Amino acid sequence: MDYLIEQALNGFSIGAQYSLLALGLAIVFSVMGLVNFAHGEFIGVAGYAMFAMAAMGMTDPLLLVVFAMATVTLVALVLERIAFRPVRNAPSTTGLLTAFGVGIILQNLFLLMVSPRPKAVPELSALNQTVDVWGHNFTILQFLEVGVTTVAIAGLVWFLKGTRIGLAMRAAALDFTTVRLMGMRANRVIATAFAISGLLASIAAIFFIARRGAIDPFMGLLPVLKAFVACVLGGFGSLPGAVVGGLLLGFVEVMLIVLLPDKLAGLRDASVFLIVGAILVFRPQGILGRRVELGDKTA
Amino acid sequence: MNTIAFAERTRGGRPFLDARLAGNLRGALWLALIAAAIGLFVMAFGSPFIVRLTATAFINLIAVVGLQIFMGNSNVVNIGHAGFMALGAYFTAIFATPVMIKATMIPNAPFGLAGVEVGALYAFLISVGLTSLIGLLSGLVLVRLAGIAATILTISILVIVQGVLVTWTDLFRGAQAFFGIPKVVGLGLIVAAAAAVLVVARLFKGSRAGVQLRASATDPLAAEAMGVDVKRLRLVAWVLGSAVVGCAGALYALYAGTINARAFYFHTAFLTLAMSIVGGMRSVTGAMVGVALLTVLLELIRIVEGGITVFGIAFPEMLGLSGLMLGVIIVGVMCFRSDGFMGGHEIEEVVTALRRRLVARKREA
Amino acid sequence: MLEIDGVSINYGPVSAVRDVSLKVEQGEIVALLGPNGAGKTSLLSAAMGLRPLAAGSIRFKGEDMRRLDTESRVRRGLTLTPEGRKVFANLTVLENLDLGAATRARGADFHADIEMCFELFPILAERRHQTGGSLSGGEQQMLAIARSLMSRPSLLMLDEPSLGLAPRIVGQIFRLIRDLRQRDLTILLVEQNAHEVLRFADRAYVLSTGECRYSGPAARLQEAGALMQAYIGELVA
């Protein structure tokens, strides 16, 4: 029973990270139809931003976190402006491949400017301390992951329902032209979507880095693939779907860690993808996705 | 819409189809001839380094053509092809490697495979067959999905294949290299295979299935309304593409003699995808142009990357420069010429257009 | 107020509108009539900056619109209620109206405007928390018009407000449009449903296959057979 509770929280906290990443992907996709393959590199940006600050002698964890979040958000805005705006009205394949190229550029910038080898970022390791709650062992990080993610999602819901630009983002998911007819600036809506997606990714990135204590140029690849999987699981473009898909993925992963013997540990990622494939066979539109008919707006 | 009308017309008229077939064959032969010419030239004059580089480039070409067969016709981005390359290479390795070597390498292989040894040609055929079979099985799932979901599934395939290769040590040796594969394939055979594959891809693209598939990619609703079975066509393209990509893997195994699972993961997937994009994934000629451009360019950058001295100034080692340039090229191509270098055109179309322009200029003069 | 002068619009190699000129004066209701595919919607899209002009100019309140993007034109007081209503189906009625006022802050007059809309269209007040997609066709059309009013336009362009609605509802919508004139609003109304519109429009233009076939008083087109003549290009104003 104890074990079950601990693993459940574990599933929640890992799932929360995927949810945050998946949400960012889903927001950008729903607003402008872009499949942002470079989304995972936001994790790298956060990591290397912290690494650079720490190397310059700034080691206060809170400051590092704030700096990383600001940097990622800024990078997201810059990427939108220089790389994604030119392909905004292009077919979705073009956008996907552009993002794919952007991802490669960022990875190799980390590699070129810092090192191909992993670097330690130990400043956040204090979060891995365990605390005892009613006889269970949890880390501070796990509570933070669940708590901060909940707050972030609540904030996002408020933003989408309460602010003009949030309304415009929701409306743009269906019909961008009419949003422009309302006098809403397309550039502002899309830039906001990118900023939010970067902000959410930076939160997830901080958790990732706190867990690993190290960064490397290609650290964003697997998380973003899983975030994609989460999106597809939930129904691509659906925001609630992204959250549900992310959580589900977290639970599946924890379950696999528990169930698969160490000898088969190499199959963990493979099994995650296999399970996803199996789900998609039965529900090609994802769990919360609506049934897409041929010719609908899809990726 | 034009493509659909085109696809519809092909149903009835036989003579029209033959004219089209002739056009495609002409284009295909052009490509095959150019490939052969490059191959022969390198074999005659190239240093061992250049020969090795060319052989790798042609293996990549086969993989990119395999990629083009599915991606170029169905417009679904595929990242799973490196997985099929791995399968082709490993199946070949398992069947072709001498029993003696396998006794030390994979003595506990299941199904008595440690005691099986067949000729390289048979191993090649068995491997392409098995890869196609796996292509068929995965394809049955894949064709149910559209757009991004299908792309995610291709990534899943890549991750799953890699996971199985690395974990199933009794059969695939896990993360360790699989060596001792008979090195029976040289540049000549690889070039011949590439030429053959170019012809196959051209004929598929021009075939009724290919035309209908391309039509369905531009307008799925209209294609469906015309009675085009999109799922079946995508399955055909997927299996054919898998077989060709498997071919690339098998040839690589028989050429290099040693293979490693890590070599068939995201890096290879991304590199070949980039080649396809840069050349233009909608045309077979584009595959060839993309491979040629990126092979030469990346090789040049690698010289700089290792640290060079220009006019007495020593530049430091710059790891990651080639990757960086690769990314810049992809983004640049997407922003300014999203259809790639060939813009979706085939070689004979370009030649015809050039000839027309020449004639027009002569007339003016 | 709006001056469209010698405008041509192309879709690739296909020409949709050729050398069309049109003028709307302050306080008028102008009808733009014509059969399907005449280029009416293209003309309105071009006026909003959603379509590039191949030739000609568009001036609004004396200002050249060609340099301005869609958003800025809305800010200048030009508004289009698009064909097919285009209500945001996933947003509530209130949220739809909110977005309609995207060009200004949510101040006191914003709330007053919402109340004004609810006064004009009482059914919307009832449905304020329902999503746009759950409304009937007529209700959606009312919402679309109300949403346009939220930007406080000086010229309202309506693209086929009667499209796909039951005759009883059409009459209601037209009555509303007529009432809008009392609110200091200038209206450019695109319709296929010509006879109804001609009863209250001041002037009319007839567009057919991309060319202007008639421009003049609306009353003239009410004469027997005149409209048909205008459609086939024999009526001279």
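Computed from a prediction, not measured in an experiment: that's the story for all the values here.

Criteria and thresholds
Residues numbered from 1 in each chain as written. Chains lettered and ligands numbered in written order. Predicted model: local features only at pLDDT ≥ 70, side-chain atom pairs only at ≥ 80, totals over all residues. Heavy atoms only, no water. Salt bridge = Lys/Arg side-chain N within 4 Å of Asp/Glu carboxyl O. Helix = DSSP H or I, 4+ residues; strand = E, 2+ residues; numbered from the N terminus. Buried < 20%, exposed > 50% of the residue type's maximum accessible area, 1.4 Å probe, protein only. Pairing = 2+ DSSP bridges. Contact = heavy atoms within 4.5 Å. Buried area = accessible area lost by both parts, 1.4 Å probe. Polar contact = N/O pair within 3.5 Å; in protein donor to acceptor, adjacent residues only side chain to side chain. Patch = residues over 30% accessible without salt bridge, like charges linked within 9 Å, V, L, I, M, F, W, Y side chains within 5 Å. Areas by Shrake-Rupley, 256 points an atom, 1.4 Å probe, with all protein chains shown as cover. Axes fitted to C-alpha atoms, helices over the stretch in contact; angles between N-to-C directions. UniProt positions renumbered as here; feature names shortened; annotations may be inferred. Lys, Arg positive; Asp, Glu negative; His and termini not counted. Charge placed at Lys NZ, Arg CZ, Asp CG, Glu CD. pLDDT = per-residue confidence, 0-100.

## What about the pattern of salt bridges?
In the structure shown here, the tally under the stated rule is 27 salt bridges over all chains. Lys226 of chain A is paired through a salt bridge with Glu253 of chain A; the nearest N and O atoms lie 3.2 Å apart. Here Lys226 of chain A, found in helix α9 (residues 221–234), pairs with Glu253 of chain A, found in helix α10 (residues 239–259); they are 27 residues apart in sequence, far enough to count as distant. No difference in accessibility class separates Lys226 of chain A from Glu253 of chain A, as the two residues are buried. Of the charged contacts in the structure, one is a salt bridge between Glu346 of chain B and Arg202 of chain B, with a shortest N-O distance of 3.8 Å. Taken as a pair, Glu346 of chain B in the loop between α15 (321–336) and α16 (347–364) and Arg202 of chain B in helix α9 (residues 187–206) lie far apart in primary sequence, 144 residues in all. A residue is classified by how much of its surface remains accessible, and Arg202 of chain B, at 2% relative accessible area, is buried. Through salt bridges with shared partners, a single ionic network connects Arg104, Asp109, Asp113 and Arg152 of chain C.

## Section: the pairing of strand β9 (residues 203–208) of chain C
Residue and element names in this part refer to chain C. Most of β9 is tucked away, with six of its six residues classed as buried. With burial as the criterion, each face of β9 is covered, one bearing Arg203, Tyr205 and Leu207 and the other bearing Ala204, Val206 and Ser208. When strand β3 (residues 29–33) meets β9, the two strands line up parallel, connected through four bridges. The partner of Leu32 across the bridge, within β9, is Tyr205. Sheet analysis places β9 next to strand β10 (residues 211–217), joined by six bridges and oriented antiparallel.

## Notes on the interface of chain C and chain A
With 27 residues of chain C in contact, the opposing surface of chain A contributes 20 residues. Buried surface at the junction of chain C and chain A, both sides included, amounts to about 2100 Å², of which 56% is carbon and sulfur. Of all residues in chain C, the largest losses of buried area upon contact with chain A belong to Glu71, Phe88 and Leu99 of chain C, amounting jointly to 28% of the total for that side. Our enumeration of links across chain C and chain A arrives at four salt bridges. The interface formed by chain C and chain A contains 11 residue pairs in polar contact (both at pLDDT 80 or more). Going through the elements one at a time, α2 (70–75) and α3 (93–100) of chain C are the ones with two or more residues in the side of chain C that touches chain A. No other element matches the five residues that α2 of chain C contributes to the side of chain C that touches chain A.

## Some points on the environment of Gly210 of chain B
Residues and elements named next belong to chain B. Relative to the helices and strands, Gly210 resides in helix α10 (residues 208–218). Residue classification places Gly210 among the buried residues on the basis of a relative accessible area of 0%. Measuring from C-alpha to C-alpha, the distance between Gly210 and Val185 comes to 31 Å, with 25 residues separating the pair along the chain.

## Brief notes about a nonpolar patch on the surface
Residues and elements named next belong to chain A. A cluster of nonpolar side chains, namely Tyr3, Met255, Ile257, Val258 and Leu259, defines an oily patch on the protein surface of about 470 Å² accessible area. The leading source of residues in the nonpolar patch is α10, at four residues. Secondary-structure assignment places Val258 in helix α10. Residue class for Val258 comes out partly exposed when judged on its relative accessible area of 33%.

## Some words on the sheet that holds β9 of chain C
All names here are of chain C. Taken in spatial order, the six strands of this open sheet run β6-β7-β8-β3-β9-β10, and their pairing is mixed. Edge positions in the sheet fall to β6 (78–81) and β10, since each has one partner strand and no second. Along the sheet, successive strands turn relative to each other by an average axial angle of 15°, direction set aside. In the packing of helix α1 (residues 40–48) onto the sheet, the strands contacted are β3, β6, β7 (155–159), β8 (186–191) and β9, and the crossing angle to β7 comes to about 145°.

## Focus: the environment of Leu267 of chain A
Checked against the element boundaries, Leu267 of chain A lands in the loop between α10 and α11 (268–282). Sequence separation between Leu267 of chain A and Ile257 of chain A is 10 residues, and the spatial gap between their C-alpha atoms is 10.0 Å. When residues no more than four places from it in sequence are discounted, the contact partners of Leu267 of chain A are Leu260 of chain A together with Gly163, Val164 and Thr167 of chain B.

## Quick notes on the pairing of strand β2 (residues 130–133) of chain A
Residue and element names in this part refer to chain A. Bridge analysis of β2 against strand β3 (residues 136–139) gives four bridges, and the strand direction is antiparallel. Across the sheet, the residue bridging to Val131 is Phe138, located in β3. Between β2 and the antiparallel strand that follows it, β3, lie two residues; Trp134 among them carries a positive phi value of about 45°.

## Quick word on the side chain of Ser57 of chain C
Residues and elements named next belong to chain C. Looking at where Ser57 falls in the secondary structure, it is placed in strand β4 (residues 55–60). By relative accessible area, which is 14% here, Ser57 ends up buried. Ignoring any residue separated from it by four or fewer positions in sequence, one finds Ser57 in contact with Glu3, Ile4, Asp5, Val7 and Arg66.

## Notes on the UniProt feature "transmembrane region" (unreviewed entry) in chain A
All names here are of chain A. UniProt records the feature "transmembrane region" (unreviewed entry) for residues 12–35, 64–84, 96–114, 134–160, 189–211 and 266–282 in the present numbering. Regarding residues 12–35, the helix share stands at 88% and the strand share at 0%, and the terminal C-alpha atoms are separated by 26 Å. The span residues 189–211 shows a helical share of 100% and a strand share of 0%, and its end C-alpha atoms are spaced 34 Å apart.

## Concerning unusual backbone geometry
All names here are of chain C. The residue Lys86 is not glycine, and still its phi comes out positive at about 50°. Along the chain, Lys86 falls in the loop between β6 and α3. With relative accessibility at 38%, the residue Lys86 sits in the partly exposed group. In this model, Asp184 sits at a positive phi of 70°, which is unusual for a non-glycine residue. Looking at the element boundaries, Asp184 is found in the loop between α7 (167–180) and β8.

## What about the packing of helix α4 (residues 81–96) of chain B against helix α7 (residues 147–167) of chain B?
Packing of α4 of chain B against α7 of chain B leaves a shortest axis separation of 8 Å and a crossing angle of 30°. Every residue of α7 of chain B that contacts α4 of chain B at Ala82, Gly83, Phe84, Ala86, Leu87 and Tyr90 of chain B is listed here: Ile157, Leu158, Val161 and Leu165 of chain B.

## A closer look at the interface of chain B and chain A
With 39 residues of chain B at the interface, the matching set in chain A holds 41 residues. Regarding the contact of chain B and chain A, the summed buried area is about 3500 Å², with carbon and sulfur atoms giving 84% of it. At the boundary of chain B with chain A, the tally comes to zero residue pairs in polar contact (both at pLDDT 80 or more). Elements represented by at least two residues in the side of chain B that touches chain A include exactly α7, α11 (220–225), α13 (266–279) and α15 of chain B.

## Some remarks on a negative patch on the surface
Residues and elements named next belong to chain C. Judged by side-chain charge, Glu3, Asp5, Asp19 and Glu25 come together as a negatively charged surface patch. Within the secondary structure, Asp5 is located in strand β1 (residues 2–11). Take Asp5: its relative accessible area is 48%, and that puts it in the partly exposed class.

## Some words on the confidence of the model for chain A
Across chain A, the average pLDDT comes to 87, with 96% of residues at 70 or higher. Counted against residues more than four places away or in other chains, residues 291–299 of chain A, with its pLDDT under 50, gives 19 contacts.

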